[in-house]
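Below are the chains, spelled out letter by letter.
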Amino acid sequence: LRDFLDCRLGVEVTEARTRSLRRLELGEQCWYLKIQDLRGKRLPLSRLPSYLFKGSPVAREARRLESLRELGILVPDLVASGQAGVPLPFGAMLLTRSLPGYVDLVAWLENRPDPEIARGVLLRAEALVQDLHARGYVLMGAKYRNILVQPDQTSAALALIDQPDLSR
């Protein structure tokens, strides 16, 4: 796990105070490595209970991928995950295989698709969240940037990423 926490390979997609996301291309495969490195960092006191009782959001996201898949939602394949530190985690990682041809909804909308097609995709995104709500689940990460779409095939299934909290 420490090797993953120290990994600087690939291209950095995002970085925050304790988390980063890297895109790794190996041959014709693309992978995403998300890490949360809390070594030498202090969590705000308001976050301590969540980390103590639920673990790192990155570790929770790994667990939620399988839950979403069981609910019939398209999600990236989980390749590896881990968390270190008990009771308070000091690091966590998540490695997923990319969904070829998919981009996040925000990036797709920034390319100014045809308004009718965009409206249809947004309605499908809303329906995806409503369907989960109707089945008794609440997505705590339901943001456009966490919904993936295939730019050229607007009828293809939407996918979800970055969902650390899926509550009943």
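This text follows the structure it describes.
Counting of residues starts from 1 at the beginning of each chain's written sequence and follows it residue by residue. Totals for whole chains, interfaces and linings use all residues, but because this is a predicted model, local features are given only for residues with pLDDT of at least 70 and pairs of side-chain atoms are given and counted only at 80 or more. Note that water and hydrogens are dropped before the side-chain values are worked out from all heavy atoms of the structure.

A. Representation of the sheet that holds strand S8 (residues 147-149). Strand pairing is defined by DSSP finding a minimum of two bridges between the two strands. Helix and strand labels come from DSSP, where a helix needs a run of H or I of at least four residues and a strand needs a run of E of at least two; each type is numbered from the N terminus. Judged by pairing direction, the sheet is antiparallel, and its three strands sit side by side in the order S6-S8-S9 without closing on themselves. In the strand order of this sheet, the two ends are held by strand S6 (103-104) and strand S9 (159-160), each with one partner. The sheet contact formed by S6 and S8 spans two bridges and is antiparallel. Looking across to S8, one finds that Asp104 is bridged to Leu148.

B. Region of the structure containing the state of the cysteines. Cysteine sulfur atoms that pair up within 2.5 Å are treated as a disulfide. Throughout the structure, instances matching the rule amount to zero disulfides. As a non-bridged cysteine, Cys7 has Cys30 as the owner of its nearest cysteine sulfur, 13 Å distant. A relative accessible area of 9% means that Cys30 is categorised as buried. Each residue is assigned to one of three classes by its accessible area relative to the maximum for its type, calculated with a 1.4 Å probe on protein chains only: buried under 20%, partly exposed between the two thresholds, exposed over 50%.

C. Quick look at unusual backbone geometry. The omega angle of the peptide bond from Val86 to Pro87 is 0 degrees, so this bond is cis rather than trans. Residue position: Pro87 is located in the loop between strand S4 (78-84) and strand S5 (91-97). The phi dihedral of Arg112 is positive, around 50 degrees, even though this residue is not glycine. Relative to the assigned elements, Arg112 resides in the loop between helix H4 (105-110) and helix H5 (115-134). By relative accessible area, which is 73% here, Arg112 ends up exposed.

D. The side chain of Arg60, seen in detail. Along the chain, the position of Arg60 falls in helix H3 (residues 57-70). The class for Arg60 is buried, based on a relative accessible area of 5%. Under this definition, polar contacts are N or O atom pairs within 3.5 Å; protein pairs additionally need one hydrogen-donor-capable and one acceptor-capable atom, and for neighbouring residues in sequence, both atoms have to be side-chain atoms. Side-chain polar atoms of Arg60 contact the backbone oxygen of Gly55, separated by 2.7 Å. Every residue pair with non-hydrogen atoms within 4.5 Å of one another is taken to be in contact. Excluding residues that lie within four positions of it along the chain, Arg60 makes contacts with Ser50, Lys54, Gly55, Pro164 and Asp165.

E. Representation of the sheet that holds strand S3 (residues 29-37) in the model. In spatial order, the strands read S1-S2-S3-S5-S4; together these five strands make up an open sheet with antiparallel pairing. Edge positions in the sheet fall to strand S1 (11-15) and S4, since each has one partner strand and no second. Neighbour-to-neighbour, the strand axes of the sheet open up by a mean angle of 15 degrees, direction not taken into account. Examined bridge by bridge, strand S2 (residues 19-26) and S3 share eight bridges and lie antiparallel to one another. Bridging across to S3, Arg22 finds its partner in Leu33. Packed onto the sheet, H3 meets S2, S3, S4 and S5 and runs at close to 35 degrees relative to S5. Inter-axis angles, ranging from 0 to 180 degrees, are taken between N-to-C directions of lines fitted to C-alpha atoms, where helices are fitted over the stretch in contact.

F. Representation of the nonpolar core within the structure. Ranked by size, the top nonpolar core spans 25 residues in total, and within it Leu68, Ile73, Leu105, Leu132, Leu139, Leu158 and Leu160 carry the most contacts. Going through the elements one at a time, H3, S5, H4, H5 and S8 are the ones with two or more residues in this core. For this core, the element with the most residues is H5, which contributes six residues. If near-sequence neighbours (up to four positions away) are discounted, Leu132 is found in contact with Leu68, Leu71, Ile73, Tyr137, Leu139 and Leu160. Residues Leu24, Leu33, Ile35 and Met93 belong to the second largest nonpolar core, which totals eight residues. Definition of nonpolar core: a set of buried residues of the types Ala, Val, Leu, Ile, Met, Phe, Trp, Tyr and Cys, connected through side-chain atoms within 4.5 Å.

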